[in-house]
Amino acid sequence: MNIYRTTRLMLSGVAFFSLAGSAFALDGADLLRKINAAYEAQGGTISAEGVDINGTTVTLKNVTVKPTGGESLPIGEVTLSGVEEDEEGGYYIEEAAFPDVNKTGDGVTVTAQELTLGGISVPATPGGDSLDTMMLYETAHTGPLKVVKDGAEVFSVLQSDMNLTLREDESGFDFDGAFKSMKADLSKTDDPKSKDAIEKLALQHVQGDITMKGAWELGPGTIDVSEIAFDFTNIGKLNLGFKISGYTMAFMKSMQDAMKQSEANPNKEQAQQALGLAMLGLMQQLSFEGAQVRFEDASITKRALDYAGAQQNISGKLMADSLKTMTPIMLAQLNIPELQNAVSAAVNTFLDDPKSLTVKAVPEKPVPFPTIVGAAMGAPNTLPQVLGVKVSAND
């Protein structure tokens, strides 16, 4: 699930903070012990073969991280600056700088520069039910990232940034991020059919940004991702958002415990089955509060209609008219008259003048996940009403 993947991304960041501190100017052994205690709560191990200390700057030699269920990841030399101990026995690291990445395999070379984390907090006592018992960071940054295949650059990102802002009352945090100036060269695709489609759709060189914004409120466990936007030049902007509740610290700890138990089980097939059942049980604690998918066209719709029409020897306009005719026929099979009419009207409006198409799910009150599953299995045609689904165009 997107929620699970979003949480894993947060926890991966936590793993990096862990890396950031295998040594410490005041008491390296104490810092390392507390880092590993915090990371162990999420199910992983960190090691460093050596530590150099110079005032408040710490250099970790040959750092390796092994996340739960994953392979050991060699990091290399990590430099920590501005390391200090707080009054509670925790630690604060101003910045962790990671080595540049330069990996080559099967004719593909991946490089990344300027990898840093800032404002890393290492808790004195991890595993509690408040944010000050978690390992958190304030900023994450990468510089240029490039993928080169057979000597030609096929993908790049100018830079990426992530920010986490802890609320003053520590009731939760807000986050935002951006992957800026992403470029993909699709012109060298080998498959003739794909190459033709790419040329007809004018997708030889794709460029754009990805941005995200959201918040996590600790008490009710509300994760509100208001924006995950893919904005590409001469294509369009796709914005996704969702809101769920019940994702509390207790929920997260239960999920981590289930993963650690699965990792410890030598029978991997049995472990996967047990983990799946555990996750299904945990999902019952979550409630759905809303979601949205919105697409704002920037000329790709017309090119797509022209291309699809050409495959059937008709014009783009005739293809649009055909889609408008087919939409209500296909939706009629779902036996949802109210939604059928709304979708048909929205599709007609959008195809006549492509500007935007929006699908929202806004129930009157939070809907428990078991209710959604029950409706999907027993009466799928009631789901739009249960979730409060609305469809609109050009608004």
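Since we're looking at a predicted model, the values are computed, not measured.

Engineer: Hey, could you run me through the overall build of the protein chain in this one?
Structural biologist: The number of helices and strands found in the protein chain is 10 helices and 18 strands. If you line up the protein chain on its principal axes, its C-alpha atoms span 75 × 50 × 45 Å. In the protein chain, buried positions account for 40% of the 395 residues. Once local pairs closer than 6 in sequence are excluded, the contacts in the protein chain between residues at least 24 apart make up 58%. By element, 55% of the accessible surface of the protein chain is carried by carbon and sulfur atoms, the whole surface being about 21,000 Å².

Engineer: Would you mind going over the packing of helix α7 (residues 316–332) against helix α8 (residues 337–352) with me for this structure?
Structural biologist: Each pair of packed helices can be summarised by the angle the axes make with each other and by the distance between the axes. Running from N to C, α7 and α8 point in directions that differ by 170 degrees, and their axes come no closer than 9 Å. Accordingly, the angle class assigned to the pair α7 and α8 is roughly antiparallel. Taken together, the residues of α8 that come into contact with α7 (itself represented by A320, L323, K324, T327, P328, L331 and A332) are Q340, V343, S344, V347, N348, L351 and D352. Across the contact of α7 with α8, the residue classes tally to eight nonpolar, four polar and two charged.

Engineer: I tried to follow the packing of aromatic side chains on my own but got confused; where do I start?
Structural biologist: Tallied over the full model, the rule gives four aromatic pairs. Ring plane angle 75 degrees and centroid distance 5.6 Å describe the contact between F173 and W216, whose orientation is recorded as edge-to-face. Of the two residues, F173 sits in strand β11 (residues 172–185) while W216 sits in strand β12 (residues 205–217), which places them 43 residues apart along the sequence. Residue classification places W216 among the buried residues on the basis of a relative accessible area of 3%. Ring pairing ties together the aromatic residues F173, F175, W216, Y247 and F251, which thus form one cluster.

Engineer: Help me understand the pairing of strand β9 (residues 145–149), please; the structure alone is not making it clear to me.
Structural biologist: When a strand is regular, its side chains alternate between the sheet's two faces. Where strand β6 (residues 108–112) and β9 come together, five bridges link them in antiparallel fashion. Considered in β9, the bridge of A112 is made with L145. Linking β9 back to strand β10 (residues 152–166) in an antiparallel pair, the connection comprises two residues, with D150 at a positive phi of about 50 degrees.

Definitions and cut-offs
- Residues numbered from 1 in each chain as written.
- Predicted model: local features only at pLDDT ≥ 70, side-chain atom pairs only at ≥ 80, totals over all residues.
- Heavy atoms only, no water.
- Helix = DSSP H or I, 4+ residues; strand = E, 2+ residues; numbered from the N terminus.
- Buried < 20%, exposed > 50% of the residue type's maximum accessible area, 1.4 Å probe, protein only.
- Contact = heavy atoms within 4.5 Å.
- Areas by Shrake-Rupley, 256 points an atom, 1.4 Å probe, with all protein chains shown as cover.
- Axes fitted to C-alpha atoms, helices over the stretch in contact; angles between N-to-C directions.
- Parallel < 35°, antiparallel > 145°, perpendicular 65-115°, else oblique.
- Nonpolar A, V, L, I, M, F, W, Y, C, P; charged D, E, K, R; others polar.
- Phe/Tyr/Trp six-rings, centres within 6.5 Å; stacked < 30°, edge-to-face > 60°.
- Pairing = 2+ DSSP bridges.

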